[in-house]
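The primary structure of each chain is shown beneath.
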Amino acid sequence: MAQRSTWGTSDGRSVPLVRLDGPDGLSIEVIGYGAALRRLTVPGADGVPLDLCLGYDTLAQYETSDGCLGATVGRYANRIAGASLPVGDKTFPLQANEGPNTLHSGSAGFHLRDWEIASVSADRAVFHLRSPHLDGGFPGNLDAWVSYALLPGRQMEIRYEAVCDRDTAVNLTNHSYWNLSGHAGGSILDHRLTLFAEQYTPAGPDNIPTGALSPVAGTALDFSVPHPVGERIGDPMLSSARGYDHNYVLPGDGLRRAARLESPITGIVMELSTTLPGLQLYTANYLTDRPGKDGAHYRERQGICLETQFYPDAVHHPAFPSPLLRAGERYSHRSVYTFSRV
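Residues numbered from 1 in each chain as written. Predicted model: local features only at pLDDT ≥ 70, side-chain atom pairs only at ≥ 80, totals over all residues. Heavy atoms only, no water.

### Overview of the pattern of salt bridges
- Scanning the model with the defined rule gives 22 salt bridges in all.
- With a shortest N-O distance of 3.1 Å, arginine 39 and aspartate 294 are connected by a salt bridge. Here the residue arginine 39 occupies a position in strand S4 (residues 36-43), and aspartate 294 occupies one in the loop between strand S25 (290-291) and strand S26 (297-298), the gap between them amounting to 255 residues.
- Several salt bridges share partner residues, and in doing so they unite Glu29, Arg38, Arg39, Asp51, Asp57, Lys293 and Asp294 into one network. (Salt bridge = Lys/Arg side-chain N within 4 Å of Asp/Glu carboxyl O. Helix = DSSP H or I, 4+ residues; strand = E, 2+ residues; numbered from the N terminus.)

### A closer look at the sheet that holds strand S18 (residues 199-200)
- Read from one edge to the other, the open sheet built from 5 strands follows the order S19-S18-S21-S24-S27, with strand pairing classed as antiparallel. Every other strand in the sheet has two partners, leaving strand S19 (214-215) and strand S27 (305-309) as the edge strands with one partner each.
- As paired elements, strand S21 (residues 245-249) and strand S24 (residues 278-282) share 5 bridges and run antiparallel to each other. When the bridges of S24 are listed, tyrosine 248 appears paired with leucine 279. (Pairing = 2+ DSSP bridges.)

### Observations regarding the sheet that holds strand S1 (residues 2-10)
- The strand order S1-S2-S3-S4-S5 describes an open sheet built from 5 strands, whose pairing is antiparallel. What marks the edges here is a single partner per strand, and that holds for S1 and strand S5 (49-51). With strand direction ignored, the average angle separating the axes of adjacent strands in the sheet is 20 degrees.
- Looking at chain direction, strand S2 (residues 13-21) and strand S3 (residues 27-31) are connected through 5 bridges and run antiparallel. Of the residues in S3, the one forming a bridge with leucine 20 is isoleucine 28. (Axes fitted to C-alpha atoms, helices over the stretch in contact; angles between N-to-C directions.)

### A few points about the packing of aromatic side chains
- This structure, assessed with the given rule, holds 9 aromatic pairs.
- Seen from their ring centres, tyrosine 56 and tyrosine 62 are 4.9 Å apart, and the 80 degrees between their planes marks the pair as edge-to-face.
- Judged by its relative accessible area of 2%, tyrosine 56 falls in the buried class.
- On the numbers, 5.7 Å between centres and 40 degrees between planes, the contact of tryptophan 178 with tyrosine 337 is tilted. Residue tryptophan 178 is found in the loop between strand S16 (173-174) and strand S17 (192-195), and its partner tyrosine 337 is found in strand S29 (residues 330-341); the two are separated by 159 residues along the sequence.
- Since its relative accessible area comes to 1%, tryptophan 178 is described here as buried.
- Among the aromatic side chains, those forming a connected cluster through ring pairs are Trp7, Tyr56 and Tyr62.
- One Lys or Arg, arginine 232, reaches over the ring of phenylalanine 223 and ends 4.9 Å from the middle of that ring.
- Between the NZ or CZ atom of arginine 257 and the centre of the ring of phenylalanine 196, over which it lies, the distance is 3.9 Å. (Phe/Tyr/Trp six-rings, centres within 6.5 Å; stacked < 30°, edge-to-face > 60°. Buried < 20%, exposed > 50% of the residue type's maximum accessible area, 1.4 Å probe, protein only. Lys NZ or Arg CZ within 6 Å of the ring centre and 35° of its normal.)

Taken by themselves, the reported measurements are silent on function.
Quick look at the structure:
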């Protein structure tokens, strides 16, 4: 079942909200600003809905706060070194907003835009955004769509699609902060995490990949078997990022397993599958103290991000899977989140 309403207004514009309710108790709310997932609830052990993602009560908080809570990030999520984008025989200057580099496309990021509702059906909501040529420095007139759908088996699917009239780079992701103990449940360091990846992309102190692929085995990055998130978070190899902020290499093609997360408090499990080649693990190391939804208060390490993606700075590393979208071709990827209980 779908419900559509106006959630907030700003500068004379209205921002829509779509709520989808599944037959198995899964429910989501998505707002037009940033095409952001504002709420995801599953039945708790007592039958009362439990909200598992961080969010805000007002549109103003989304507009003025950092962190990209729940948002769709693009045109290029994560980092691009030197704020420069090579496409063919041209180099396009981008906005430097993290030292000399571009993070989440700077002030042109899709998480800062009003997406329109393209369609709503009983189990799916599709949002659309038009990004003009040289928007944030990126070439081509781009049309992007993100759809949220509830599937049988207590699953949420996020599908990303885009087309452009020029060759460009596209890397879309969702930046939800998950807390399977409830969005007001405090630290996520007790959550048990499994990542189905044997390699990661090592990076320098500026979080720009070196271009190498390195094994996770024997390091604090190894989640090939379940570990509490906080068990090794003080390891020296994580110090430059103040915790986890690393891209993992997902083997294989097509829709396949990427991660499994479990709360020891609620017993809720989230399993993530994706068609994308990488996964950024981020433990909210820089999430400053702030008010959240429903009287909650958030701070660092109270959410965990599992961002499916092309690798950071892949535009400068030909050996990485290419995020280049050719003119007239269609970018199409999806990630599926399955919720259950141990």
